[in-house]
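Summary of structural features
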Amino acid sequence: MSKEIVLSGIRPTGNLHLGNYYGALSKFVRIQNDYDCNFFIADLHALTTNPDPTQLHASVKTILAEYLAAGIDPDKATIFVQSDVPEIAEMYLLLNMHVGIGELMRTTAFKDKARKALGITATDENDEQIEREIIGNETNKRVNAGLLTYPTLMAVDILIQKATKVPVGKDQLQHLELTRRFARRFNSFYGVDFFPEPYDFDFGGAPVKVPGLDGSGKMGKSEGNCIYLIDEPKVLRKKVMRAVTDEGPQTPNSPMSEPIANLFSLLELTSTPEVVKHFREAYADCSIRYGDLKKQLAEDILAVTTPIRDRINDILGNEDYMRKVLAQGAEKARERASKTLADVREIMGIRKF
């Protein structure tokens, strides 16, 4: 019996952080024995923001090393770089022939990114202003076509591998729904039962929310509130000690403010139950010292990240190994992608004489 196909990608826009580890990487490691897992580095997606070429190449290497250091096994899962599978680019072109500009422009992610790029206030009334700015100004290159067609490329990533389980965050759920729509549209237009419909992969249990150090929201690169897997001990300790707190509980059993609840969330992820219990009791009876809490938290996070950081540095120092992993992954990814693309070309009438 064949295994269900799982696919997930990450853009190479910087180092992976604690949120990536607990929210995704550790789960990928857990499932790689039971599913046909495909994990890729989405360098083509990264081009929508016009990154520096040298930095893009370096980021691809870093993400690969972090995937491997976190425990993803290239002999169990397929690890590849998106651009190493040229079939993706061709199918991206072909699928775009069945995608409407209007439905792409209505996606929440596109409107949010376009507003940000154009400096437009985020209100529904300004949707028409976005369109006027984009269409009416021929020299405006801040919103490129790649950003608009991002959902098509994401759909191709999934459909070309015939993946049915795709772990995504809330911000990507709309794109995953578009992928299902595109699959149904293709199947219906050509009268075939070709593309399976993919769904969000539920790992089971409550979703893991890894908060940032700035007192609100989740950990994220753009928020600047991250603990990176590659952070040196001195850097990591300094970040944790600077985490936002409050004046402390004034009465026994006071409710926690968001910044303090966030610190306890991090503590629960990385510390022992005994440590968590100790600090919860100290908070409840107003004897807690946030400095002690932060020092303990920093050391417990380091216990998680230090072995990973050491492996990252070892892997980055072995480029022959990294090239071997990517060559192996590209070969495996292209095997299925080339078959899917050949079938798509046949279905669409693009045939050789």
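The structure reproduced in this document is the subject of the present report. (Residues numbered from 1 in each chain as written. Predicted model: local features only at pLDDT ≥ 70, side-chain atom pairs only at ≥ 80, totals over all residues. Heavy atoms only, no water.)

In terms of regular secondary structure, the protein is built from 15 helices and 5 strands. Radius of gyration (C-alpha) of the protein: 23 Å, near the 20 Å computed for a compact globule of 353 residues. Considering the protein as a whole, with its 353 residues, one finds that 46% of them fall into the buried category. Intrachain contacts of the protein at a sequence separation of at least 6 include 77% that bridge at least 24 residues. Accessible area of the protein: about 17,900 Å², with a carbon and sulfur share of 51%. (Helix = DSSP H or I, 4+ residues; strand = E, 2+ residues; numbered from the N terminus. Rg over C-alpha atoms; globule rule 2.2 N^0.38 Å. Buried < 20%, exposed > 50% of the residue type's maximum accessible area, 1.4 Å probe, protein only. Contact = heavy atoms within 4.5 Å. Areas by Shrake-Rupley, 256 points an atom, 1.4 Å probe, with all protein chains shown as cover.)

Rolled over the atoms, a probe as big as a water molecule pinpoints where empty space is left. Roughly 220 Å³ of volume is contained in the second largest pocket. Considering the residues around the second largest pocket, the lining is formed by D43, H57, V60, K61, L64, V81, S83, D84, E319, M322, R323 and L326. Counting only elements with at least two residues in the lining of the second largest pocket, the list comes to α3 (53-70) and α15 (319-347). The class makeup of the residues in the lining of the second largest pocket is 5 nonpolar, 2 polar and 5 charged. (1 Å grid on protein atoms, 1.4 Å probe; cavity = no way out; pocket = protein on both sides within 12 Å on 5 of 7 lines; lining within 4 Å. Points joined across faces, edges and corners; volume = space filled by probe spheres on them. Nonpolar A, V, L, I, M, F, W, Y, C, P; charged D, E, K, R; others polar.)

The next thing to look at is the pattern of salt bridges. Evaluated as defined, the whole model comprises 20 salt bridges. Two residues, E177 and R184, come together in a salt bridge whose shortest N-O distance is 3.5 Å. You can call R184 partly exposed: its relative accessible area is 37%. Measuring nitrogen to oxygen at the nearest pair gives 2.6 Å for the salt bridge that ties R237 to E299. On the criterion of sequence distance, the pair formed by R237 in helix α11 (residues 233-241) and E299 in helix α14 (residues 290-316) is long-range, its members being 62 residues apart. (Salt bridge = Lys/Arg side-chain N within 4 Å of Asp/Glu carboxyl O.)

Per the counting criterion, the structure on display carries 10 aromatic pairs. Between F28 and F39, the aromatic rings sit 4.4 Å apart at their centres with planes inclined by 20°, giving stacked as the arrangement. Here the residue F28 occupies a position in helix α1 (residues 18-31), and F39 occupies one in strand β2 (residues 36-41), the gap between them amounting to 11 residues. In this pair, the class of F28 matches that of F39, namely buried. Judged by centre distance (4.7 Å) and plane angle (65°), the ring pair of F194 and F195 falls under edge-to-face. There is no split in this pair, since F194 and F195 are both buried. Through successive ring pairs, a cluster of aromatic residues spans F186, F189, Y190, F194 and F195. (Phe/Tyr/Trp six-rings, centres within 6.5 Å; stacked < 30°, edge-to-face > 60°.)

The next point concerns empty space enclosed by the protein. Applying the stated rule across the entire model yields 2 cavities of 30 Å³ or more. Taken as a whole, the largest cavity encloses approximately 40 Å³ of empty space. Along its surface, the largest cavity is lined by T107, A109, F110, K113, L147, L148, Y150, P151 and H175. Of all the secondary-structure elements, those providing two or more residues to the lining of the largest cavity are α6 (108-118), α8 (145-148) and α9 (150-159). When residues of the lining of the largest cavity are assigned to their parent elements, the largest contribution, 3 residues, is made by α6. Within the lining of the largest cavity, the residues separate by chemical class into 6 nonpolar, 2 polar and 1 charged. Volume-wise, the second largest cavity comes out at about 30 Å³. Around the second largest cavity, the lining residues are M91, L94, L95, F186, F195, V344 and M348. For the lining of the second largest cavity, the element with the highest residue contribution is helix α4 (residues 87-96), accounting for 3 residues.

Everything listed is a geometric property; what it means functionally is a separate question.
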